[in-house]
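# Breakdown of the fold
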Amino acid sequence: MRWIALVVVGLVLVAGVAVAVARRPQLPAPERGRRLAERTGCFGCHGPDGIRGAKNPGRTDKTVPNFEGDVMMYANTPDEIHEWIHNGVTHKKAASIVWRADRDRGVLRMPAFKGRIGERDMDDLVAYVMAASGMPEPDDSLAARGLQRADDLGCVGCHGPGGRLARTNPGSWKGYVPSWDGADFPELVRDSTEFREWVERGVCRRLETNLFAAFLQRRAVLKMPAYEKHLESDDVTALWAYVTWLRSEGLPTNARPMGEHDHE
C-alpha cells in the first residue's frame, strides 16, 4: 500500500506544478512598463498612468507633458522615446537653444534614467509610453474604426489603451485582465466566433459550459460585460479587425513570465 501512497503524492505534486505553471502570469511589455513606471516615480510628475501631467511653473506650456497627448511634441519614434527616458532629453531637443532655455525656467525637469534601470526595463517603459500615446495606429480603416469603438464602448477602461494592458483583477485565474495582444488571449479566444460571443454575451460558450472556468469568472472582481444591446451593426467585425491587426502588426509585446521585479 505504501507504493500507492507514493504514487498519489507524486500525482498531487505533478498536478500542483502544472497548476502553478498554468497560472504563471505572462505580462505584455506595455503592462510591465506601466508597473515599472509606477515603481520608478514616473507618475509623480506625469500623473496617474502618465496621462495628466503635474503643473510646472516657469515653463511655457505650464505642465509636465503627459503620455497620452503630448508625446509626439517631444519624441516621434520608439528610439526617440528610449533616448528621452535614457538621457532625459533627445539630441534633437538638446540642440535647441530655445527649448533648453524654456526647460531651465521650469521647476520640474525630466531626469535621466541611464544607470538606474536596465535596457530590458527601458524597452518596457517605451512600450507603455507608446501604448498610452496611441502608437502605432492601424492604417486599415476597419481596424481603425474598431479601435475607436473600443474607446466609445469603454473597453479600454479595463483592457487599457488600445487593449494592450493587463490591469489587476483580484480573484481571476491569473490576477489580471488579459490584454488583446498578450500570450493569454488565445487561451480565451480561439477564433472570431468566440470573440463575438465574448463581446455580445460576456463569455464564450466553450468556457461558459466549463464548470471551473465559470467558477473563476464568478470569483473575479472585474467581469466582462455583455455588449449585445449596445452594439452598432458592424462593431464586432471592426473590433475583431483591430484585434487581428494588433496581434499581427502591432508592436511586439515580448510577453514573459512575471518575475520578482514585475510585481506592483
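Rules behind the numbers
Residues numbered from 1 in each chain as written. Predicted model: local features only at pLDDT ≥ 70, side-chain atom pairs only at ≥ 80, totals over all residues. Heavy atoms only, no water. Salt bridge = Lys/Arg side-chain N within 4 Å of Asp/Glu carboxyl O. Helix = DSSP H or I, 4+ residues; strand = E, 2+ residues; numbered from the N terminus. Buried < 20%, exposed > 50% of the residue type's maximum accessible area, 1.4 Å probe, protein only. Axes fitted to C-alpha atoms, helices over the stretch in contact; angles between N-to-C directions. Parallel < 35°, antiparallel > 145°, perpendicular 65-115°, else oblique. Contact = heavy atoms within 4.5 Å. Nonpolar A, V, L, I, M, F, W, Y, C, P; charged D, E, K, R; others polar. pLDDT = per-residue confidence, 0-100. Patch = residues over 30% accessible without salt bridge, like charges linked within 9 Å, V, L, I, M, F, W, Y side chains within 5 Å. Areas by Shrake-Rupley, 256 points an atom, 1.4 Å probe, with all protein chains shown as cover. Lys, Arg positive; Asp, Glu negative; His and termini not counted. Charge placed at Lys NZ, Arg CZ, Asp CG, Glu CD.

The next point concerns the pattern of salt bridges. All told, the structure shown has 22 salt bridges when counted by the stated rule. With a shortest N-O distance of 3.1 Å, Arg145 and Asp234 are connected by a salt bridge. You can see Arg145 sitting in helix 8 (residues 141-152) and its partner Asp234 sitting in the loop between helix 13 (211-219) and helix 14 (235-249), a full 89 residues away along the chain. Using a relative accessible area of 28% as the deciding quantity, one classes Asp234 as partly exposed. Among the salt bridges present, the one from Glu197 reaches Arg205, with a minimum N-O distance of 3.7 Å. Connected through shared salt-bridge partners, Arg145, Arg149, Asp152, Glu232, Asp234 and Asp235 make up one network.

Close contact between helix 2 (residues 29-39) and helix 7 (residues 119-132) brings their axes to 7 Å; oriented N to C, the two are set at 100°. Classified by the interaxial angle, the pair formed by helix 2 and helix 7 is roughly perpendicular. Together, Ala29, Pro30, Arg32, Gly33, Arg34, Leu36 and Ala37 of helix 2 and Asp121, Asp124, Leu125, Ala127, Tyr128 and Ala131 of helix 7 make up the contact between the two elements. For the contact of helix 2 with helix 7, the class distribution of residues is eight nonpolar, one polar and four charged.

When the pLDDT values of the protein chain are averaged, the result is 86; 84% of them are 70 or greater. Element-level mean pLDDT values for the protein chain span from 42 in helix 1 (residues 2-23) up to 98 in helix 11 (residues 192-201). Taken as a whole, residues 5-23 scores under 50 in pLDDT and shows seven contacts with residues more than four places along the chain or in a different chain. A low-confidence stretch, residues 255-264 (pLDDT under 50), is modelled with 31 contacts involving residues beyond four sequence positions or located in other chains.

Okay, the environment of Ala143 next. Within the secondary structure layout, Ala143 lies in helix 8. Sequence separation between Ala143 and Leu246 is 103 residues, and the spatial gap between their C-alpha atoms is 8.8 Å. Here Ala143 is in contact with Pro138, Ala238, Ala241, Tyr242 and Trp245, once residues within four sequence places are set aside.

On the surface, Glu137, Asp139, Asp140 and Glu249 cluster together into a negatively charged patch. With respect to the secondary-structure elements, Glu249 resides in helix 14. Taking relative accessible area as the criterion, Glu249 reaches 57% and is therefore assigned exposed.

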